[in-house]
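One letter stands for each residue in the lines below.
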Amino acid sequence: MGDRWRATHDRALILRLHRRWNPGLFELAGQYSHLRPSDFPAERFNSWTHRSGGHFDGFTLAHIDDERAVVQELWAKSTGLSDWNVPNWDSRDLRRLDETWELVRRIQETAGRPTFVRVPNDNPFGRLFAIRFQLPLETSLLLATRRPGFVRYVRLPAGYGIRPYGVGDEVAYASIHNRCFNASVDADEMRRWASGPRQESFTATFHGNPVGFFIAEVRRGRRLGDFNLAVSEGHRGRRIGTALLAAGLRSFERREVTTVIADHWATNAPAVEFYRRHGFGIARTYDFFRIDEATLEVPKPVGADPEGRAARLRRYRQLRRFDRVSRREHRRQDHEVRYCGNLRRRRCRNLRRSTCEDQRTTCPHAVYL
Ligand SMILES: CC(C)(COP(=O)(O)OP(=O)(O)OC[C@H]1O[C@@H](n2cnc3c(N)ncnc32)[C@H](O)[C@@H]1OP(=O)(O)O)[C@@H](O)C(=O)NCCC(=O)NCCS
């Protein structure tokens, strides 16, 4: 019985395990704290537990929607690695990782759509999983936090102003939001969002027309606040975002929020810089690793058994020897020159090019790569 991941519908148990592995700030099902079983309904979330020696020592929670499947939580006990060049992986870790690979493979096959494994920076098992199977990194979500309150006063350029949300603004909110985030929220939904009991919203205007918004929402427990901020493209870089943030942070302060969360993608360069400049510190990072058919077809375990390591070392030495002997010979053809150049950096980029198949057969280097 190799597979010790067991499917479960016991959401209370999953919640307990989630609390154990996520004692600090987290993001799950749109919540940052006070998670309830109803936040992850059985129709959209699947869960598994891992048992060892009669104890639960891991759990997995996957969310499947129309576009993708995301393994949101993947935790298990591990011995881990104490440095980056530790040669031998612990056999118990390897067994658990292989069992987990099978589980993720099943999730991907069942979902039949792109699947991602989401791993926070403080999850050693998840990171070992990504390393062992060389999963490509797709993107990262940053949870940045700060206390509400002071933002340096900004003078807005002529024609701009900030005012509270007014009925009718939701049309502009929806249009700006959808353009910024490639979403399809309609005006009604936006109105409910912007004017809900836990929200206070602000509109940035240019000659009276909305060009940006800030929806400041107090989350469960009243101690956490999060927000949605967007400025229309043609009006960015004029301190509108800063003025909206200042209004939003004051609103949070009035409502006794202690921590304000800005979650944003690590690739969103303006937002990363904007939040850094305004005193947000990164509290947690979630990396999304892609599992698709290509990844599944060729599982590439690394750092695994000493056998594999020895074989890789042998191949590497052969490669070095070959490189010394035949460099001049190899310069004759164009692609080979590229190979030699690349080999000096010990990595062949040509294999990624469309012609690589051809080179794979004609260039002896390729044998070793
Ligand atoms: C992030 C965003 C709200 C910033 O709004 P903005 O009105 O352009 O911001 P400001 O003019 O107040 O800029 C304040 C600071 O942010 C940083 N910043 C803003 N735009 C930047 C960019 N394109 N590149 C790098 N830094 C940038 C700068 O440090 C800037 O200070 P400076 O002008 O003294 O250099 C805006 O780019 C936006 O709406 N983006 C799309 C939606 C989004 O990503 N929202 C946040 C994610 S939840």
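All of the points below concern the structure found in this document. (Residues numbered from 1 in each chain as written. Predicted model: local features only at pLDDT ≥ 70, side-chain atom pairs only at ≥ 80, totals over all residues.)

### A look at the sheet that holds strand 7 (residues 160–164)
Consideration 1: With mixed pairing, twelve strands are arranged side by side in an open sheet as 1-2-3-4-5-12-6-11-10-9-8-7. The open sheet has two edge strands with one neighbour each: strand 1 (5–8) and strand 7. Taken pair by pair, the neighbouring strands of this sheet meet at an average axis angle of 25 degrees, ignoring direction.
Consideration 2: Sheet topology places strand 6 (residues 137–146) next to strand 12 (residues 281–291); eight bridges connect them, and they run antiparallel. Along strand 12, the bridge assignment pairs Leu143 with Arg284.
Consideration 3: Helix-sheet contacts for helix 2 (residues 91–111) involve strand 1, strand 2 (45–52), strand 3 (55–64), strand 4 (69–76), strand 5 (115–120) and strand 12, and the interaxial angle to strand 4 is about 165 degrees. (Pairing = 2+ DSSP bridges. Helix = DSSP H or I, 4+ residues; strand = E, 2+ residues; numbered from the N terminus. Axes fitted to C-alpha atoms, helices over the stretch in contact; angles between N-to-C directions. Contact = placed C-beta atoms within 7 Å.)

### Observations concerning helix 2
Consideration 1: For helix 2, spanning 21 residues, the distance from its first C-alpha to its last is 30 Å, which sits close to the expected 30 Å at 1.5 Å a residue.
Consideration 2: Among the residues making up helix 2, those that are buried are Asp93, Arg96, Leu97, Thr100, Leu103, Val104, Ile107 and Gln108. One face of helix 2 carries all of its buried residues, which in axial projection span an arc of 140 degrees. In helix 2, the exposed positions angled more than 90 degrees off the buried face are occupied by Ser91, Arg95, Glu102 and Glu109.
Consideration 3: Gly112 sits one or two residues past helix 2 and shows a positive phi near 65 degrees. (Expected span 1.5 Å × (residues − 1). Buried ≥ 20, exposed ≤ 12 C-beta atoms within 10 Å, placed from the backbone. Arc of directions from axis to C-beta.)

### Remarks on the pairing of strand 5
Consideration 1: In terms of burial, strand 5 is a largely internal element, six of the six residues being buried.
Consideration 2: Burial along strand 5 is two-sided: the face carrying Thr115, Val117 and Val119 and the face carrying Phe116, Arg118 and Pro120 are both buried.
Consideration 3: Where strand 4 lies against strand 5, three bridges are found, and the strand directions are parallel. Each residue of the ladder has a partner; that of Val71, found in strand 5, is Val117.
Consideration 4: Crossover strand 4 to strand 5 through helix 2 is right-handed.
Consideration 5: Bridge count between strand 5 and strand 12: six bridges; the pairing is antiparallel. Pairing of Pro120 across the sheet is with Tyr286, part of strand 12. (Right-handed = clockwise from strand over helix to strand, strands pointing away.)

### Here we look at the environment of Phe214
Consideration 1: The topology assignment puts Phe214 in strand 9 (residues 209–218).
Consideration 2: Since 27 C-beta atoms lie within 10 Å of it, Phe214 is described here as buried.
Consideration 3: Each C-alpha atom, one on Phe214 and one on Ala247, is 8.4 Å from the other, the two residues being 33 residues apart in sequence.
Consideration 4: If sequence neighbours within four positions are ignored, Phe214 has contacts with Ser201, Phe202, Phe227, Leu229, Leu244, Leu245, Ala247 and Gly248.

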